[in-house]
Every structure is written in structure tokens, then in C-alpha cells.
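# Fold and geometry: a report
Letter by letter, the chains look like this.
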Amino acid sequence: MATTANGLAVLEGQVSDEEKPGFKTGNHAGQVRTCDTTGLPVCLTAQRFIRLNAVAAVVFLLVGGVAALLLALTRWPTVHLLPADWYYRVLTAHGLNMLILWIIFMEIAILYFAGTTLLNSRLASKGTAWVAFGLMVAGALAINGAVWSGKADVMMTSYVPLQAHWSFYLGIILFAVGALIAVINFLATLYIAKRDKTYAGSVPLVVFGATAAAIIAVVTLLHGAVVMIPTFLWSLGLTEAPDAAWYRLVWWGLGHQSQQINVCAMVSVWYLLGTLTVGAKPLNQAVCRGAFVLYILFINLASAHHLLVDPGVGAGWKIWNTSYAMYLAVLASMIHGFTVPASVEVAMRKKGHDKGLFGWLFAAPWKNPGFSAFFLSLVIFGFLGGITGVTLGTQQINIIAHNTLRIPGHFHTTVVGGTSLAFMGLAYYVVPLIFQKEYPAKALARLQPFVFAGGITLMAIAMSFAGSYGVPRRHWDINFTGAQFAAGFDSTAHLMMGLVGIGGTIAFTGLLIFLLLTVAAVFFGRSNAGKKMEAW
Amino acid sequence: MSISFPEQGWFKAPSAGERLWIGLAIAWCIVLTLAMPYWHFKGKQNSTGEAYRVTPAEFYQRAQKFIEAYKVGEDRYTAIVQPPPGTDVYLTARMWRWDPVLKLKKDQTYRLHVGSMDLNHGFSLQPVNMNFQVVPGYDHVLTLTPTRAGEYSIVCNEFCGVGHHTMAGKIIVEE
Ligand code: HEM
Ligand SMILES: [Cu+2]
Ligand SMILES: [Cu+2]
């Protein structure tokens, strides 16, 4: 039976202050500051690790970004910049630095933020956070060392029996273990917040989404261990090579599910940015949360779409896994694709922007890069990414798309135009609020999301067209100079490859603006400590 | 707000607009789910994944026997092989060549066995653009019926080392 502060029993049906949803007494033991802009409590330990992980993320984004430019300029037929061996080496580096290092460091920063600030809690363990960060950095350095020294020209998928130096696999294992420890630290933070009653009520939606991402991350990283440890032992010469088809199956249990972590994290960031930029409010919490649960339940099975033209897995298995299972995960994205823009619309209409069907959208704060990055990410992911993804996951269509450029065309609209762009939008708030530094050259920052989104969209569409003419991905010379038999592609395909180069260069420009401004802000930006952040 | 604690009683049924959208989305998912088996049985091009475990050495021997039996010529140090319609046909992939050159008859059905001697390779038939994975240790069987005469190239579209982009083979389809 609950009682009020002065000891009176609470009448039935009435909610005591203690039970009312919201913040209660924090557990920070003094290690906390109040955000000058939002009034939210910021745990100082968490703040340090959010900063560290975000800085690491941006460093690897820079490495991956330079690689991206080199790749775009190599696949542009009239430029054809890199020699063959360096093209494959840089391609390996690009995939790993971007898809693994940039994205996952950023996600750990997001988890630390969601678990502490939004729940009024401290980070569960500072020591553990150091261990996690140390392992992740060590792993990232080992991976990059192996790749750039030419000991691991195996692509990020490293399909056995193609073999890299053992330090490459060790790097991946170290990084994954570090990430797993960080995720456990986040889950432990959820636990102590609950135990210490730092809040009452159900956790905020963003925390719920982040938790879904964390749960999928645990399952994913376990797949990673199952496939990487035997491969590591084999690279040391201790065991036989793992079966090549088994490797592909389990590797995609890792590779595909990790994309679902990215989707969960991205959708959480959409909700977060919707709130920060226009004050958007989820319309129906139950619907939004239900959609996150669908991700957790159904995504593993959808990994099958990577093996649609593989030997060894039968037609029944392919049909089953690409039909019901995939569509239940797709359903979740369809739901978020409705609820996120709807929440923005409602918020904008409430502010009086009520003209016509789309008046609210035109009146939206497009000058705020946090908003434009968020909304462009939503559109690119929802339309281009969603449609291409569902198409490619069809058993028959996959026959004409497998390993062609249609595949990178697809995922540069999901994980780049979607997730990475949303994370950039987030940075436009993380730097002022967590680093307490103002962005310089705000006009340039306002332009940045449009440049990046435009370039990536052009490149991805051009890749998709080139791929539908049969142009392979991961391929240095589509004219097959010196090949035993003549092969090649017609002039339209070459034109498309030119557009890949142009779009890629524009996207790189957008990326570079982001990197320069962010580095300038973090290291040389005006401090806004004690003040509200400047409005975008 | 998505960053604050929802009011008590947040667990409620979707509103009319949401119900409509979710209903449409579910209906669409059901249509596509049923389309998957439908396309499989109605469609003319499927990847059934028929495959058998085989060591590279064993596969190589079968392919060699096949080449010796039906060899009709040579092109750029590669045997041209013309198997009788309806039979088993072998194609080996290795860094960085496809072996042999196949001469097939239009509108005849063959069982094409594709196997790898070393790494993963990608069987990518151009310009028709049909793509299948070739995994070492597996005999991947593709039942195929060429429907148009002409010369086709097989390019490799799975990364297989630094000579990957020079890996191209040939299939000839005759009237
Ligand atoms: C400026 C932005 C970017 C540009 C211009 C760009 C361009 C490219 C190009 C040209 C390729 C090579 C395709 C091929 O030849 O097969 C590629 C591959 C790839 N990119 Fe990007 N990219 C960018 C950003 C990103 C980001 C942010 C991510 C991940 C978050 C990413 C993930 C990948 C992956 C996973 C591959 C495939 C690697 C492989 O085949 O192993 N890219 N990108
Ligand atoms: Cu090959
Ligand atoms: Cu190859």
C-alpha cells in the first residue's frame, strides 16, 4: 500500500507522487550535471564514455570516408583510380570501418545515453566501460593494421576458405567482445535504475527501442563468436577450415542481424530527433513498442535472403524464410514509417502549421540539420531502402540481382542514407549537449544533410541500374581486360558507373563537411556550458 | 514525448488511422507471403538449391571424365565440349577461369553441375544476368534450358582474389 510523504494512505484509484511516471531520486552520488538546455540529468561517467565512443566513431568514419572516395573514383570508368590490389584492399577497409566500426561505436554511445540520461541513472560500471572501450579500440586497430598492410584482402565477409592473417580475425573477436561487454553494461544500467527506483512508470520509447537493439546485439554477437572463433583457430593452423556453406549461413546470422541493430537504433534516433527538433510525440506508445518487438522476434530468420542462390539450402527453406518471417519484420518498419512522420505532422499542426495536406511539412524546420538529416533519412530508408530490400529478398528476383551492384545500391540507401545520416543528425545535438560545444559555420551545417543525401541517393540509384545490367559488385574491371574470354557490359552500364562516381564524390563532399565541422566543433568550438545550446 | 515517461494507461488500442494503415500493411504482407510459394510453382526461373557434398578433387575427376567424353575442339587452351541434350554437364570454377567452354542446344534441358576447386566463386551468366553462388565442397546443380541461341559469357561475381576481375568463361548456344 503506497503512502504519501506525510504518511497518509493514498485513496484507491489515486496515484501517489511516488508512482506517477517520471524521474524520482537519482543514484548518481553527485556525479551528475543538469543539462542547461533540456533540464535532463547527465551522468558524468556516461558523458565521458559517450564522448569517447562518439570520437572513435568519427575517426573511423573518416578512414572509411577516404576509402569511399577512392572506391567511387575507381569504379568511375573514366577515372579508374586505384590499381586492382589496392581497390580490393580499400574495399575491405571501407566495409569494415563504416559498417562495423563507425556504426557500432556510435551505437554504444547511444546506448550509454539512453540508459542513463533518460532514466535518471548513473552508468552501471565505469571499469567495465573502460574495458569495453579498450577492447573495441584494440580490435579496431588490429583490423585496420591487418587490412592496410595487405594481410587481409578478404572483404568484410571473409568467406572461407579465403584466408586472412590471424590478427584480422583476432581484431574482429576483440571488437565484438568489447561491444558485447558495453551492451551488458547498458543492460546492467537498466537494472540498477529500476532497482534504485530512479524513475517510475514505463521507460521512454527511445529507451525501449535502444533495449530492443541491445537484445538483438547480444544474439548477433553470439553468432559472431560461433563463426569467428573456429575461423581464427583455422588461421593459426590449429584446425581444419570450416565448411564454406556453413560459414556463409552463420556469418549471415551475424551480418544480417547486425543490420537489425542498426534499424532499431536508427528508428530510436528518429523518435529522439523528432522530439528534439519539433517536439514530436508518439501517437500511440503501444503501437510503436509493438513494432520494436516484431524486430526482435522475426529478424533472425530473414537472414535467409543472403543465401537465396546458394547451394545446400533447399527451396522450401528459402521460401519459408523469405515469406512470413521477412514480412513480419517488414511490417514493423511499415508501422514506424507511419508513426514517425505522423508524430511530426501532429506536432507541426499543433504549432499552427495547418495549411493543406502538406503545409506542415513545408513549414518544418528544414534549416535545422538535426531535422533535415532525420527526415531525409526517413524518406531514403523508407522508400528506396525498403522497396529495394523487399524486392531483392524475393527468391526469383534475387537470381538477377545476387552479387551485382544492385546489392550495394540497396544498402547504401539503408545503412548510409538511412542509419548513417540519422546518426549525423544526432551529432548536431550530441556535440552541443554532451560535448557542450557549438558548431561553427552553421550555414554549412544546414546544407550538409542535403549534400550527403543527394549524393548517396544518386550513387545508390546508379548502382542499382548498373546492377540490373549485370555489373558485378566488388569488381575492378568491368571490361575484363586480359581475361581469357571476352566479357563486358554495354554503354548504358558504363554511363551508370560514371554516375556512381559522380554521386559518390558528392556524397563524400557531404561527409567531409560533416567531419570537418564536427572536429572543429569538438576541439575548437565555443563552449556553451552554463547556457542553453544555440537554436539551430 | 519519445524521451519522457508515458502516462499511465498508455497501453491502448490503435486509433482509426493507425488501424487502417496496419491493416493495409498486414494485408500486403499476406499477399507477398503467399506470392512466394506461388511464384515458385508458377515461375519458370527458380533457385532450388539442389546440391551435393563433394570434395574438389572428386568433382574435378567427374569434370575431367565429362570433358574427355564430349570434347569437340579447343579455344584459348580451353576444351570446347558438346554434351548430348538431357545429360549431366560439368563446369569447374577456379582462380581465375571457368572450364570448359560449353556448347549447348537451344530448347534442350541440361543438368549443369557447377563446382569450385578452391574459393567461393560467382556464376554470373551475361548478358541474361542470372547469378548463382558456387561454394567449394558443394556440387551445385542448375537445371537449365537455353531459350535463345548465341554466345554468352560467364563472369565471376564473387570476390576470389586479386585476379577476380579477369575470370570469364563462355557458353555457346546453337539452334
Ligand atoms: C561518402 C559516402 C560513401 C560512398 C561514396 C560509398 C561508396 C561505396 C562504393 C563505391 C563501394 C564499392 C562497391 C563495389 O565496388 O562493390 C562501397 C561499398 C560498401 N559500402 Fe560504401 N560508401 C559510402 C558510405 C558508406 C557508409 C557510411 C557505409 C556503412 C555504414 C558503407 C558501407 C559499405 C559496405 C558495407 C560496402 C561493401 C563492401 C564489400 O563489398 O565488402 N558505405 N561504398
Ligand atoms: Cu571467381
Ligand atoms: Cu571472382
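Residues numbered from 1 in each chain as written. Chains lettered and ligands numbered in written order. Predicted model: local features only at pLDDT ≥ 70, side-chain atom pairs only at ≥ 80, totals over all residues. Heavy atoms only, no water.

## A word on the coordination of the iron atom of ligand 1
Residues and elements named next belong to chain A. Inclusion rule: Each metal's donors are the N, O and S atoms within 2.8 Å of it, or within 3.2 Å when it is Na, K or Ca, and because water is not part of the set, sites may look incomplete. Any site counts as irregular unless it has four donors with all angles between 85 and 135 degrees, making it tetrahedral, or four or six donors with opposite ones more than 155 degrees apart and the rest between 65 and 115, making it square planar or octahedral. By the criteria applied, helices consist of DSSP H or I runs no shorter than four residues and strands consist of E runs no shorter than two, each listed in order from the N terminus. Relative accessibility thresholds used throughout: buried, under 20% of the residue-type maximum; exposed, over 50%; partly exposed, between the two (1.4 Å probe, protein chains only).
Distances from the iron atom of ligand 1 to its protein donors, His94 (NE2) and His412 (NE2), fall within 2.0 to 2.1 Å. One can describe the donor arrangement at the iron atom of ligand 1 as octahedral, given that its six donor atoms subtend angles of 86 to 179° at the metal. Within this pair, whereas His94 is found in helix H2 (residues 84-116), its partner His412 is found in helix H12 (residues 406-435), the two being separated by 318 residues in sequence. In this pair, the class of His94 matches that of His412, namely buried.

## Focus on the domain arrangement of chain B
Note the following rule: Each domain's extent was defined by an automatic or database domain assignment.
Domain annotation for chain B reports domain 1 (11-46) and domain 2 (50-174). Inter-centroid distance (C-alpha atoms) of domain 1 of chain B to domain 2 of chain B is 39 Å.

## Notes on the coordination of the copper ion (ligand 3)
Residue and element names in this part refer to chain B. On the protein side, the copper ion (ligand 3) has Cys156 (SG), Glu158 (O), Cys160 (SG) and His164 (ND1) as donor atoms, found 2.0 to 2.3 Å from it. What the four donor atoms of the copper ion (ligand 3) show is an angle range of 89 to 122° at the metal, which sorts the shape as tetrahedral. On the primary sequence, the residues serving as donors to the copper ion (ligand 3) are separated as C-x1-E-x1-C-x3-H. A gap of 2.6 Å separates the copper ion (ligand 3) and the copper ion (ligand 2), which Cys156 links by coordinating each metal.

## Quick word on the site of ligand 1
Residues and elements named next belong to chain A. Inclusion rule: The near set for a molecule or strand comprises every residue that places at least one heavy atom within 4 Å of it. Polar contact is defined as a pair of N or O atoms within 3.5 Å, subject to the rule that within protein one atom must be able to donate a hydrogen and the other to accept it, and that residues adjacent in sequence are counted only when both atoms are side-chain atoms.
Arg75, Tyr87, His94, His412 and Arg474 are the nearest of the 26 residues found near ligand 1. His94 is positioned such that a nitrogen or oxygen atom in its side chain is 2.8 Å from a nitrogen atom of ligand 1. His412 has a polar side-chain atom sitting 2.8 Å from a nitrogen atom of ligand 1. The set of elements that each furnish at least two residues to the shell around ligand 1 consists of helix H1 (44-75), H2, H12, helix H13 (442-468) and helix H14 (491-524). Per-element tally for the shell around ligand 1: the top contributor is H2, with seven residues.

## Focus: empty space enclosed by the protein
Think of a ball as big as a water molecule: rolled over the atoms, this probe shows where empty space is left. Residue and element names in this part refer to chain A. What counts is decided by this rule: Using a grid of 1 Å spacing that covers the protein atoms alone, one calls a set of points a cavity when a 1.4 Å probe fits there but cannot get out, and a pocket when the set is open and has protein on both sides within 12 Å along at least five of seven lines; lining residues are those with an atom within 4 Å of a point. Grid points are joined across faces, edges and corners, and a volume is the space filled by probe spheres set on the points.
Applying the stated criterion across every chain yields a total of four cavities of 30 Å³ or more. What the largest cavity holds in volume is close to 250 Å³. Every residue lining the largest cavity is counted, 20 residues in all, and those nearest its centre are Phe113, Tyr429, Val430, Leu433 and Ile434. When residues of the lining of the largest cavity are traced back to their parent elements, those giving at least two are H1, H2, helix H6 (244-278) and H12. Here the element with the most residues in the lining of the largest cavity is H12; it accounts for five residues.

## Focus: the packing of aromatic side chains
Definition in use: We call Phe, Tyr and Trp rings a pair once their centres come within 6.5 Å, taking the six-membered ring for Trp, and we label the pair stacked below 30 degrees between planes, edge-to-face above 60, and tilted otherwise. Here, over-ring charges are defined by two tests on the NZ atom of lysine or the CZ atom of arginine: distance to the ring centre within 6 Å, and angle to the ring normal within 35 degrees.
Counting across every chain of the model gives 37 aromatic pairs over all chains. Taken together, a centroid distance of 5.8 Å and an interplanar angle of 80° make the contact between Trp366 of chain A and Phe375 of chain A edge-to-face. Taking relative accessible area as the criterion, Trp366 of chain A reaches 25% and is therefore assigned partly exposed. In this structure an aromatic cluster arises from ring pairing among Trp360, Trp366, Phe371, Phe374, Phe375 and Phe450 of chain A. Between Arg89 of chain A and the ring centre of Trp86 of chain A, over which it is positioned, the NZ or CZ distance is 4.7 Å. Cation over ring: Arg289 of chain A sits above Trp10 of chain B, and NZ or CZ is 4.7 Å from the ring centre.

## Examining the packing of helix H3 (residues 126-148) of chain A against helix H4 (residues 166-195) of chain A
Residue and element names in this part refer to chain A. The line we're drawing: Under this scheme, a helix contributes an axis fitted over its contacting stretch, all axes are lines through C-alpha atoms, and angles between N-to-C directions fall in the 0 to 180 degree range. When an angle is under 35 degrees it counts as roughly parallel; over 145 it counts as roughly antiparallel; between 65 and 115 it counts as roughly perpendicular; any other value is oblique. Rotating anticlockwise by less than a right angle from the far helix to the near helix defines a left-handed crossing, while the corresponding clockwise rotation defines a right-handed one. Each residue receives one of three labels: charged for Asp, Glu, Lys and Arg, nonpolar for Ala, Val, Leu, Ile, Met, Phe, Trp, Tyr, Cys and Pro, and polar for the others, Gly being one of them.
With their axes 7 Å apart at the nearest point, H3 and H4 run at an angle of 155° to one another. Compared by their axis directions, H3 and H4 come out roughly antiparallel. In terms of crossing hand, the pair formed by H3 and H4 is left-handed. Its residues assigned to classes, the contact of H3 with H4 comprises 19 nonpolar, six polar and no charged.

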